[in-house]
Amino acid sequence: MSVGQSVRRLEGHAKVTGSAEYIHHLRLPGMLHGKIHRSTVAHGRIARIDSRAALECPGVHAVVTIDDVLGLAPNPYYGPAFHDQPILAHRKVRYVGEPVAVVLGPDPHIAEEAADLIQVEYDPIDPVFDEVAAARPDAPIIHDVLKPAGMFTDLKHLGGRSGTNVALDARVRRGDVERGFAESDYLFEHTFKTGKVIHATFEPMVSLAELHGADGLTIHTASQSPSFVRAEVSRLLGWAENRVRVRTAHLGGGFGAKLYIKLEALVAICALLVGRPVRIALSMDEQFYTITKHGATVRIKTGVTKNGRMIAREVETYWNGGAYADIGPRVTQKSGFTAAGPYDIEHVSLDNYAVYTNEPPAGALRGFGISQLVWAYERQADIIAAALGIDPIEFRRRNVLRKGRPHATGTIVSDMEIDAVLDLLEQRMDWRRPFDRGSGTIRRGRGVAIGLKACISPTTSVAMVLLYGDGSCALQCATVDMGQASDTAMAQIVSKVLGIPTDSIRVARPDTDVTPYDMATLGSRSTFHMGNAVKAAAEDIRAQVLRIAATCLGNDVAELECVDAGVVSTRGARMTLREIMLARFAMQAGTIVGVGSYTPSYKKPDLATGQSSEVTPFWMLGGAGAEIAVDTETGRIDVTRLVNVADVGRAINPASVDLQLTGAAIMQLGFTLFEEMVFSDGQVVNASLADYKVPGFLDVPADISAAYVEVPHSQGPFGAKGVGETGVFSPSPAIANALYDAIGIVVRDLPLTPERVLRAIREAEGRPFEDE
Amino acid sequence: MADESRRTIHFTLNRRPVTASIANHDTVVDVLQREFALFGARESCGQGLCGCCTVVVNGTAVSGCLYLAAFVDGAEVGTIEGLAENGVLHPVQEAFISQGGFQCGFCTPGFVLMTRELLEQQPHPTEDHIRHYLSGNLCRCASYPEIIKAVKVAAQTAGE
């Protein structure tokens, strides 16, 4: 059957012929193009907006500012975690690049030129950029009052807080960390940092809106979360959800950039204001001013016994959330509680702070905050192992969480085998073989790392499977295929349940008028959540089909099964699905509908201690091993081998699992070695692919591979769990650990640019470079 | 008086003669999308760095987001849409499907066209050839290992 096989992708033909549908391609009759005028200051009050020159440009249809927005959306603030982000700047601007006005015109070039002619006067306010500085009580305040959204009940207590840039503080307390430190033989304390990086999706963000009569609005958008867009735009307009239709197509990459609201509320308001379809499409450069990954400062202190057991760990993490919360508070909390790592540590204290700063908003980027934490705890793991003279893999073995043991949150670990992943990593790295560490100016090293993520919870997915009059089958689910091959995986699940070929199943593009609710395509949740919903919907169809066949064939349902696009009985009788539909509807007509819905069980963590008996539906575990060569004269790192391993539950499509693990690892390789947004007074100075390099062919290690263990998850569809992010967890510390192994250099900040490495080398040699 | 900001160009598009009325500042991608509803070449980085906009002009792959449409007057232009003939996929397209050499697919037409050009110049490329020849095309999903496999399979199929 198809589950467990590397079935070819359903949309392969469309993608290699250039005919795959992306919202990027959509043009609507009579549409106007919107171009955004952006803030030039990082923090300030808007004194005056002068649009006259823009309006006088021939071909300009309208200029939209917050005053126009307020007529349609009196409370213009949106966001999944906090209602803090205005559709256009409202009284204040909080980062360089914040949208202040939109010029609408039939020609995008004219609209763009006119947008540059808008003059805005600001009364500047002191900005703050660093997450630790912004959390101090004397920092300039970016939002007067915290405004948590209603969607997440565990943020409600923050409502009304004022005079702080800390949007959320989340804690985990287990045992008594001070006692643990006192009982430890050795203490290790370090501070690690990661900078800001960006998704750089190759289909830049794009949304279009059009009106339907007096009471309907359709938004076509490259979005990972059509259900959320519908709910949020409806809320802003004060409409019922069913008046807003949100549809998407294939996404030219997502990685978390296209989640929640990005351009959708703005484009909807513009279309309503001018009564014509409007398209707003960002350039690659503008994406740098829209959403980023969180930079983080992680202070980690660990107490260890002399035989290499970690018994106490305290982690304090400041998350640079930028000017608007987006999903940052959830990143802070849901990733923050894993900051002790995949380890069984008796005394744990974790503090996480989501901090507003005057930089572009930070949100979800493949891994949702996990890689920042793994960077810290796995880098420190090798420092500890080296200090104690223990092999790095052996050190991890002495400490990992095993089945039946409580995670730091109190949730008992199940459906995960960390030892199996470590064994696989050791084997794939030929760890026991002698390793040549080089000589002269080219030195070699190797390192490993493992990282843990908890799938966010609670979330819901709903799916429908339809059987048409001719026996053909369609799947309607709002999981967005942005390249991860979810269409194919979902079709494989239907195929397995109904006994029909995967490539004969039609998978609908997400459309809120058609596809039922799904929380969003994020956090590696789809295979597990939507996979379960799809499986249940297909089983619903199967039950109905078998009942009809049982009546026709005079069998018990128990004697029948679905195979080869039909039903067969143990006695050899057979009906095709078409014959079953004919039997049910007396002609080629009708539809049989199967419905499935899935919400895992969840226990909200205690606010004071972070303790919960069910904090996540499943754990993701990813490991990486790296071999590098470093040029000690230039600081340049050459990653010669990169091995990525994971516990995937069960692979629905092994080829897609490989692709996800390796693709994620290469993305993280960019974040490890060179990708970094560079800021000057809040301005991104390398906002283009010319100045912000993403990995190309020549950056891919000559030897790169993925491998995984399959520990079937008891609740997963056919044992599967998510894998889209697992490959990003561990490459950064694995590579830095290899650097440490090669030359004993500790670099605490990502990325490991040649300059940063060379500075560290020179510092260790006692002849540091002067500061920049 | 003639509008000097516009002109009419004649060229061959995927083996058919065509005519288009263009603005002087139009790029090849602008014209392919607006006048011919061909969206396989798409603008992403806008700087000729990513290869998503690759089109073939007089037998050479160029960045369609930088190449002014006025310059294809009289030229032969090929796009991904013209690669399959009579509904039969080109061996490079077949190989990208069979080897799963794509994820989101946004960059895929560019990679397919560059691979075809590579195999015309170097029918039996080594892995090193492949990496260097395709280094001007970027894939943010990073399907690079699978693309290498696809190129090798395409070379093998074409050689048979």
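Residues numbered from 1 in each chain as written. Chains lettered and ligands numbered in written order. Predicted model: local features only at pLDDT ≥ 70, side-chain atom pairs only at ≥ 80, totals over all residues.

*Asks:* Even after reading the chapter, I still don't get the overall build of chain B, so can you show me in this structure?
*Replies:* Counting secondary structure elements, chain B contains 5 helices and 5 strands. When the helices and strands of chain B are read in sequence order from the N terminus, they spell out β-β-α-β-β-β-α-α-α-α. Based on the C-alpha atoms only, the size of chain B along its principal axes is roughly 55 × 30 × 25 Å. Residues counted as buried form 51% of the 160 residues belonging to chain B. In chain B, the proportion of contacts linking residues at least 24 apart, taken out of those at least 6 apart, comes to 60%. (Helix = DSSP H or I, 4+ residues; strand = E, 2+ residues; numbered from the N terminus. Buried ≥ 20, exposed ≤ 12 C-beta atoms within 10 Å, placed from the backbone. Contact = placed C-beta atoms within 7 Å.)

*Asks:* Sorry if this is basic, but what is going on with the overall build of chain A here?
*Replies:* Regarding its fold elements, chain A presents 19 helices and 32 strands. Taking 28 Å as the expected radius of gyration for a compact globule of 772 residues, we find that chain A reaches 27 Å, a close match to that expectation. Each of the three principal axes of chain A carries a C-alpha extent, and together these read 85 × 75 × 50 Å. Across the 772 residues of chain A, 59% fall into the buried class. Look at the contacts in chain A between residues 6 or more apart in sequence, and 80% of them connect residues 24 or more apart. (Rg over C-alpha atoms; globule rule 2.2 N^0.38 Å.)

*Asks:* Would you explain the packing of helix α14 (residues 486-498) of chain A against helix α15 (residues 526-553) of chain A in this entry?
*Replies:* The angle between the axes and the distance between the axes are what describe a pair of packed helices. All names here are of chain A. α15 packs onto α14 with a crossing angle of 35 degrees between their chain directions and a minimal axis gap of 9 Å. Like other packed secondary-structure pairs, α14 and α15 cross with a definite hand, here right-handed. Residues S486, A489, M490, I493, V494, V497 and L498 of α14 pack against S526, T527, M530, G531, V534, K535, A538, E539, I541 and R542 of α15. A class-by-class count of the residues in the contact of α14 with α15 yields 10 nonpolar, 4 polar and 3 charged. (Axes fitted to C-alpha atoms, helices over the stretch in contact; angles between N-to-C directions. Left-handed = near helix turned anticlockwise from the far one by under 90°. Nonpolar A, V, L, I, M, F, W, Y, C, P; charged D, E, K, R; others polar.)

*Asks:* Teacher, can you tell me more about helix α18 (residues 731-743) of chain A here?
*Replies:* Helical periodicity: at 3.6 residues per turn, an α-helix aligns residues three or four positions apart in one direction. Residue and element names in this part refer to chain A. Over its 13 residues, α18 runs 18 Å from end to end, which matches the ideal 18 Å to within 8%, given 1.5 Å per residue. Taken across its 13 residues, α18 has 12 buried, putting it largely inside the fold. Listing the buried residues of α18 in full gives P731, S732, P733, A734, I735, A736, N737, A738, L739, Y740, D741 and A742. Just past α18, the residue G744 takes up positive phi, approximately 70 degrees. (Expected span 1.5 Å × (residues − 1).)

*Asks:* What is the right way to look at the interface of chain B and chain A in this model?
*Replies:* A common measure of how large an interface is: the accessible area buried when the components associate. Listed by partner, the interface residues are 38 residues for chain B and 43 residues for chain A. Grouping the constituent residues of the side of chain B that touches chain A by class yields 21 nonpolar, 12 polar and 5 charged.

*Asks:* Looking at this model, I keep getting lost on helix α17 (residues 654-673) of chain A. Mind explaining?
*Replies:* Taking 1.5 Å of rise per residue, 20 residues should cover 28 Å, and α17 of chain A covers 28 Å from first to last C-alpha, within 8% of that figure. Counted residue by residue, α17 of chain A has 18 buried out of 20 residues, so it is predominantly covered.

*Asks:* Can you help me understand the sheet that holds strand β2 (residues 16-23) of chain B in this one?
*Replies:* Note: strands within a sheet are paired through backbone hydrogen bonds, in either parallel or antiparallel orientation. All names here are of chain B. In spatial order, the strands read β2-β1-β5-β3-β4; together these 5 strands make up an open sheet with mixed pairing. The outermost strands of the open sheet, each flanked by one partner alone, are β2 and β4 (60-63). This sheet shows a mean twist of 40 degrees between the axes of neighbouring strands, independent of strand direction. Strand direction decides the pairing type here: strand β1 (residues 6-13) and strand β5 (residues 76-78), joined by 2 bridges, are parallel. Opposite L13, over in β5, you have V77 as the bridge partner. Strands β3 (54-57) and β4 of the sheet are contacted by helix α3 (residues 108-121), whose axis makes an angle of about 40 degrees with β3. (Pairing = 2+ DSSP bridges.)

*Asks:* Looking at this model, I keep getting lost on the nonpolar core. Mind explaining?
*Replies:* One broad trend across soluble globular proteins is that nonpolar side chains are buried collectively. Residues and elements named next belong to chain A. In this structure, V267, V494, V534 and L739 are the most contacted members of the largest nonpolar core, which totals 295 residues. Here this core gets 11 residues from one element, more than from any other, and that element is α15. Every residue in contact with V534, bar those within four places of it in the chain, is listed here: A463, L475, C477, M490, I493, V494 and G596. (Core = buried A, V, L, I, M, F, W, Y, C linked by C-beta atoms within 7 Å.)

*Asks:* Which parts of the structure should I look at to understand the domain arrangement of chain B?
*Replies:* Residues and elements named next belong to chain B. Under the domain assignment, chain B is made up of domain 1 (6-82) and domain 2 (91-159). Computed from C-alpha atoms alone, the centre-to-centre distance between domain 1 and domain 2 is 22 Å. Contacts between the two partners involve 11 residues from domain 1, matched on the other side by 11 residues from domain 2. Per-class residue counts for the side of domain 1 that touches domain 2 are 6 nonpolar, 4 polar and 1 charged. (Domains from an automatic or database assignment.)

*Asks:* Where do I start with unusual backbone geometry in this structure?
*Replies:* Comment: phi is negative for the bulk of residues other than glycine, and the bulk of peptide bonds are trans. All names here are of chain A. Here the residue pair S457 and P458 is connected by a cis peptide bond, since its omega of -5 degrees sits within 30 degrees of zero. If you trace the backbone, P458 turns up in the loop between β19 (442-454) and β20 (461-468). Of note in this structure, D430 is not a glycine but carries a positive phi near 50 degrees. Mapped onto the elements of the fold, D430 is located in the loop between α13 (418-428) and β18 (438-439). Its 14 C-beta neighbours within 10 Å are what place D430 among the partly exposed residues. Located in the positive-phi region is A485, a residue other than glycine, with phi close to 70 degrees. You can see A485 is positioned in the loop between β21 (473-477) and α14.

*Asks:* Please clarify how the sheet that holds β20 of chain A should be interpreted in this entry.
*Replies:* All names here are of chain A. Across the sheet, which stays open at both edges, the 4 strands sit in the order β22-β21-β20-β26 with mixed pairing between neighbours. Two strands close off the open sheet at either side, each with one partner strand: β22 (505-507) and β26 (591-598). Averaged over all neighbouring strand pairs, the angle between strand axes comes to 20 degrees, with direction disregarded. In this structure, β20 lies alongside β21, joined through 5 bridges in antiparallel fashion.

*Asks:* What exactly am I supposed to notice about the pairing of strand β10 (residues 186-194) of chain A here?
*Replies:* Within a regular strand, side chains alternate between the sheet's two faces. Residue and element names in this part refer to chain A. Across 9 bridges, β10 lies against strand β15 (residues 295-304) in antiparallel orientation. Residue Y186 lies in a different strand from β15, and its bridge partner there is V304. Where β10 meets strand β32 (residues 749-750), 2 bridges bridge the pair, whose relative direction is parallel. Within β32, the residue paired with K193 across the bridge is D749.

*Asks:* I'm lost on the domain arrangement of chain A in this one. Help?
*Replies:* All names here are of chain A. One can read the domain layout of chain A as domain 1 (32-121 + 203-283), domain 2 (295-401 + 412-454 + 610-764) and domain 3 (459-598). Relative placement of domain 1 and domain 2: their C-alpha centres are 36 Å apart. Each partner contributes to the interface: domain 1 provides 17 residues, whereas domain 2 provides 19 residues. Its residues placed into classes, the side of domain 1 that touches domain 2 shows 9 nonpolar, 5 polar and 3 charged.

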